[in-house]
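Spelled out, the chains give:
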Amino acid sequence: MESSVLRTRKEKMTVLMKKTKNSFVGWVTNPYNLLVLASIILMVFFVIMPLFDMITTSIRVDAKDAMRIKSPAGSWTLYYWKRLLCSVISRNMLYRPLLHSLIIALCVSVSSIVVGGAIAWLLIRSDVCSKRFFSLSVIIPYMIPSWCQAMAWISVFKTPNLGGTPGFLSALGLVPPDWFAFGPVAIICVLTIHYYPYAYILVSAALRSINSELEEMGEMLGASKPMILRKITFPLVMPAILSSFILVFSKALGTFGVPAYLGLKVSYYTISTMLYSAIKQQQTAIAYAISLILISIAAVVIYINQVIIGQRKSYATIGGKGSRSNLIPLGRARIPMAVVMYAFTFIFVLFPIFILVLESIVLKLGDYSLHNLSLHYWIGKGDPNIYYNAPGILRNPVFYNALWNSLKLVVVSSVIATLIGQLVGYVISRGRKLRSGRLVEQLAFIPYLIPSIAFGAMFLSFFSVERSITLFGHKMVLVPVLYGSFALLVLVTIVKNLPFSSRAGSSNMMQIGTELEEAGKIEGAGFVMRMRRIVFPLSKNGFMSGFLLIFIAVFKELDLIVLLVSPKTETIPYLTYYYMSGGMEQHANASAVLMFMVVFFVYWLSNKLLKADISSSL
């Protein structure tokens, strides 16, 4: 009796083990599960672990401070946090720069929404003329790097008191006040010019979805146009406005280039320039603590946005009966508004480009006469009397090295990031009703929460020290030292752009029906063949759009890589920053003009030849 019971239990155990084994084998051999596992490992290794490493670095004693702190190197300590938060240097190192950053981010967000929202309303809801021209021209400022716009601002408004040489207006006899040339007002104006396209794109998309019958019903009930705008249109586009506010706020909070150009000369520090200064002064732990504070603020702000937007999802503007959009006639104001738009385009879109070109061909700064115009800084040979014998950029091997590095970086990182984004997007789209798909989507979104310069600092911390384990008597390197290498620039660029590439990938994959894959599976096609023969060919247009989007973003990137480049890995943006910081303004302007030409050409090519409109993703 006992033996039969034991035998029965043994048989049940064998069956259970066999089922478990089959389930495990089935899970492991499922391509979707393997993609989920690979995605999670990728996110953990390149996002969570660097972030955790930066946290631990900020609470461990640095070797150079061991004697002063009187604690062994590597031991746990809150010294750096106490020094940053509650010491005699806290006011100047943290609280004042942080206040400056918050004020700038708030002002830029509000002003960008006002400018971008007004332009969106004019181009989408009114009958203003030349819409096709304005719809392209108003997004050009985002193609120009914000720090290039800061260079143009300096060239126009600098005075002999601060700039050393007169700017464009000073040369004409119109001397602007010093506070307008450098400092918070200048930073806010430049960042507003750069970021208002965000608000324009988001608000215009929301306005297109509004059925004009809603506004017409309000007009039939006797409501005035201002009341219709305030009671109907404005509430319906509020989610887009809130998203614009948070998007611009988070980007302006951590931006580095513009505050560096327009603030450091007058000792106006922001949280990003203070972080850069701490890294350069080798106050590594302090810098990482500043990065963590910056990351925390950005994450909280974006979380608040998600909560607010989530509470407003009940607004339905597209119904099953169809919709139409009737334009609001401007009447007598139609021509004046067109004139205002043309003036806006000239002042804030075309004039900065003109100034950059002009400043690149003046032999001596501040002299705009015809005899002072020269192509020396473009194609001139070295002259001992001009900027330490530095030749024009097109004769300078340093420039060609930076150009080659930039092209390598954008091509390699764009291809890899887009390919990974398509695979991650496949996981998100196919698993949007599963916990695994939602987890991958949330992990892929994390790099977006981290400002670029803080993200660069995170990778600097993680890849500056070798980490290895000993396995069976053999040393196995888990994290190599990559500081100063091209590979580090590629890695940080790919991971930072993963939220955009994965979002583009998921949108792309959702348009591909699962029945096509199921048909291929019935015919015996494996996962790799289905991806190669069905999914990837159908997603090639989305792949190219994602590639071009990342290409444009990476080619003009400065904040992300400014802490990571070395003389051998300099890119065009970093070389331009180096030129400008060293007083070689004409070289910097020439480099900036060439960079803008490449970005604009790629954008034009994507719209003209590939028929891929990426303006909505910029």
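Rules used in this analysis
- Residues numbered from 1 in each chain as written.
- Predicted model: local features only at pLDDT ≥ 70, side-chain atom pairs only at ≥ 80, totals over all residues.
- Heavy atoms only, no water.
- Helix = DSSP H or I, 4+ residues; strand = E, 2+ residues; numbered from the N terminus.
- Buried < 20%, exposed > 50% of the residue type's maximum accessible area, 1.4 Å probe, protein only.
- Areas by Shrake-Rupley, 256 points an atom, 1.4 Å probe, with all protein chains shown as cover.
- Patch = residues over 30% accessible without salt bridge, like charges linked within 9 Å, V, L, I, M, F, W, Y side chains within 5 Å.
- Salt bridge = Lys/Arg side-chain N within 4 Å of Asp/Glu carboxyl O.
- Core = buried A, V, L, I, M, F, W, Y, C linked by side-chain atoms within 4.5 Å.
- Contact = heavy atoms within 4.5 Å.
- Phe/Tyr/Trp six-rings, centres within 6.5 Å; stacked < 30°, edge-to-face > 60°.
- Lys NZ or Arg CZ within 6 Å of the ring centre and 35° of its normal.
- Axes fitted to C-alpha atoms, helices over the stretch in contact; angles between N-to-C directions.
- Parallel < 35°, antiparallel > 145°, perpendicular 65-115°, else oblique.
- Nonpolar A, V, L, I, M, F, W, Y, C, P; charged D, E, K, R; others polar.
- Left-handed = near helix turned anticlockwise from the far one by under 90°.
- Polar contact = N/O pair within 3.5 Å; in protein donor to acceptor, adjacent residues only side chain to side chain.

Asks: Explain the overall build of the protein chain residue by residue, including any values.
Replies: In terms of regular secondary structure, the protein chain is built from 30 helices and 2 strands. Counting over 618 residues, the protein chain shows a buried share of 49%. Of the accessible surface of the protein chain, which amounts to about 30100 Å², a share of 67% is contributed by carbon and sulfur atoms.

Asks: Go over a nonpolar patch on the surface, please, and point to the residues and values.
Replies: Judged by side-chain polarity, Leu375, Ile379, Leu394 and Tyr400 come together as a nonpolar surface patch covering roughly 350 Å² of accessible area. By the element assignment, Ile379 lies in helix H20 (residues 376-379).

Asks: If you had to explain the nonpolar core to someone new, which residues and values would you point to?
Replies: The biggest cluster of nonpolar side chains holds 173 residues, and the ones touching the most others in it are Tyr261, Leu262 and Phe459. In terms of residue count, helix H12 (residues 184-208) provides more of this core than any other element does, 14 residues in total. Excluding residues that lie within four positions of it along the chain, Phe459 makes contacts with Phe46, Leu488, Leu491, Val492 and Val495.

Asks: Give me the lowdown on the packing of aromatic side chains, citing residues and values where you can.
Replies: Counted under the stated rule, the structure contains 31 aromatic pairs. Centre to centre, the rings of Trp153 and Phe180 are 5.2 Å apart; their planes meet at 45°, and the pair counts as tilted. Residue Trp153 is found in helix H8 (residues 146-157), and its partner Phe180 is found in helix H11 (residues 178-181); the two are separated by 27 residues along the sequence. Under the relative-accessibility criterion, Trp153 is labelled buried at 9%. Through a chain of ring-to-ring contacts, three or more aromatic side chains come together here, namely Phe45, Phe46, Phe455, Phe459, Phe462 and Phe463. The ring of Trp76 is capped by Arg60, whose NZ or CZ atom sits 3.9 Å from the centre of that ring.

Asks: Report on unusual backbone geometry, specifying residues and quantitative values.
Replies: One non-glycine residue, Lys70, lies in positive phi territory at about 60°. One can find Lys70 in the loop between helix H3 (66-69) and helix H4 (79-85). Unlike most non-glycine residues, Gln282 shows phi in positive territory, near 60°. Relative to the assigned elements, Gln282 resides in the loop between helix H17 (271-280) and helix H18 (284-310).

Asks: Explain the side chain of Thr345 to me, and be specific about the residues and the numbers.
Replies: Locating Thr345 in the fold gives a position in helix H19 (residues 334-360). Apart from the residues lying within four places of it in its own chain, the contact partners of Thr345 are Phe133, Phe134, Ser137 and Leu350.

Asks: Could you give an account of the pattern of salt bridges, with specific residues and numbers?
Replies: Throughout the structure, instances matching the rule amount to 4 salt bridges. In this structure, Asp65 and Arg68 form a salt bridge, with 2.8 Å as the shortest nitrogen-oxygen distance. When the shortest N-O distance is used, the salt bridge between Arg334 and Asp127 registers 3.9 Å. With Arg334 in helix H19 and Asp127 in the loop between helix H5 (90-125) and helix H6 (131-137), this residue pair connects regions lying 207 residues apart in the sequence. Under the relative-accessibility criterion, Arg334 is labelled partly exposed at 31%.

Asks: For the packing of H8 against H19, give the residues involved together with the corresponding values.
Replies: Viewed as axis vectors pointing N to C, H8 and H19 meet at an angle of 70°, and their least axial separation amounts to 9 Å. It follows from the interaxial angle that H8 and H19 lie roughly perpendicular. Judged by residue contacts, Cys148, Met151, Ala152, Ser155 and Val156 of H8 engage Phe351, Pro352, Ile355, Leu356 and Glu359 from H19. Of the residues assigned to the contact of H8 with H19, the class counts are 8 nonpolar, 1 polar and 1 charged.

Asks: Mind laying out the environment of Ile428, listing which residues take part and the relevant values?
Replies: By the secondary structure assignment, Ile428 is in helix H21 (residues 397-430). C-alpha separation for the pair Ile428 and Gln442, spaced 14 residues apart in sequence, amounts to 9.7 Å. Excluding residues that lie within four positions of it along the chain, Ile428 makes contacts with Gly437, Val440, Glu441, Ser502 and Ser506.

Asks: Which residues make up the environment of Ile561, and what values do they have?
Replies: Looking at the element boundaries, Ile561 is found in the loop between helix H28 (540-555) and helix H29 (572-581). In this structure the C-alpha to C-alpha distance between Ile561 and Ile453, which are 108 residues apart in sequence, comes to 7.5 Å. What Ile561 contacts, discounting residues up to four positions off in sequence, is Leu489 and Thr571.

Asks: I'd like to hear about the packing of H5 against H12, residue by residue, with values.
Replies: Geometrically, a packed helix pair is captured by the angle between its two axes and the distance between the axes. Contact pair H5 / H12: the axes reach a minimum separation of 6 Å and the direction vectors enclose 45°. If you check the angle between H5 and H12, you find them oblique. Pair H5 / H12 crosses with right-handed handedness. Taken together, the residues of the contact of H5 with H12 sort by class into 19 nonpolar, 6 polar and 2 charged.

Asks: Summarise the side chain of Ser272; cite the residues concerned and give the values.
Replies: Among the secondary structure elements, Ser272 is positioned in helix H17. Classification of Ser272 by relative accessible area gives buried; the value is 0%. At 2.5 Å, the side chain of Ser272 and the backbone oxygen of Thr255 are in polar contact. The residues contacting Ser272, other than those within four sequence positions of it, are Gly254, Thr255, Phe256, Pro259 and Ile453.

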